[in-house]
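# Fold and geometry: a report
Here are the chains, one letter per residue:
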Amino acid sequence: QVQLVESGGGLVQPGGSLRLSCAASGSIFIFDTMAWYRQAPGKQRDLVARITNKRTTDYADSVKGRFTISRENAKNMLYLQMTSLKPEDTAVYSCNLNHLGFDYWGQGTQVTVSS
């Protein structure tokens, strides 16, 4: 019932910007908290940003002031606007939806920050 599909990743130079998108299926989307996670090779998957249905947001300290999470409930879309990108931001970014305590994940989109 719940499906998540990310897009928008790519190669960008340090200091550049990217906008990630996540398309979510199901009417439950508007009632659920959603988030972006990222995972680099050999590292654990970490929370990047989270947003509730009321648009309350939380960010990892490493991205505060640089990333912005947002959602368009009517379109079942989640976004992550990333600016001032750093090499350490390189990772696979995944969309997450928590429904009744169960985590749903997209397949992820690769973000590479390099000169």
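Structure shown above.
These lines cover the structure that appears in this document, whether it is placed above or below. None of these values were measured; they are calculated from a predicted model.

As used here, a disulfide is simply a covalent bond connecting the sulfur atoms of two cysteines. Tallied over the entire structure, the rule returns one disulfide. The disulfide partner of Cys22 is Cys95, and the gap between their sulfur atoms is 2.1 Å. Judged by the torsion about the S-S bond (-80 degrees), the Cys22/Cys95 disulfide is left-handed. You can see Cys22 sitting in strand E3 (residues 18–24) and its partner Cys95 sitting in strand E9 (residues 91–99), a full 73 residues away along the chain.

Moving on, we get to the pattern of salt bridges. For the coordinates displayed, the defined rule picks out five salt bridges. For Asp89, the salt bridge is made with Arg38, and the minimal N-O distance between the two is 2.9 Å. One end of the pair, Asp89, is in the loop between strand E8 (77–82) and E9; the other, Arg38, is in strand E4 (residues 33–39), and 51 residues separate them in sequence. Each of the two residues, Asp89 as well as Arg38, counts as buried.

Criteria and cut-off values
Residues numbered from 1 in each chain as written. Predicted model: local features only at pLDDT ≥ 70, side-chain atom pairs only at ≥ 80, totals over all residues. Heavy atoms only, no water. Disulfide = S-S within 2.5 Å. Helix = DSSP H or I, 4+ residues; strand = E, 2+ residues; numbered from the N terminus. Salt bridge = Lys/Arg side-chain N within 4 Å of Asp/Glu carboxyl O. Buried < 20%, exposed > 50% of the residue type's maximum accessible area, 1.4 Å probe, protein only.

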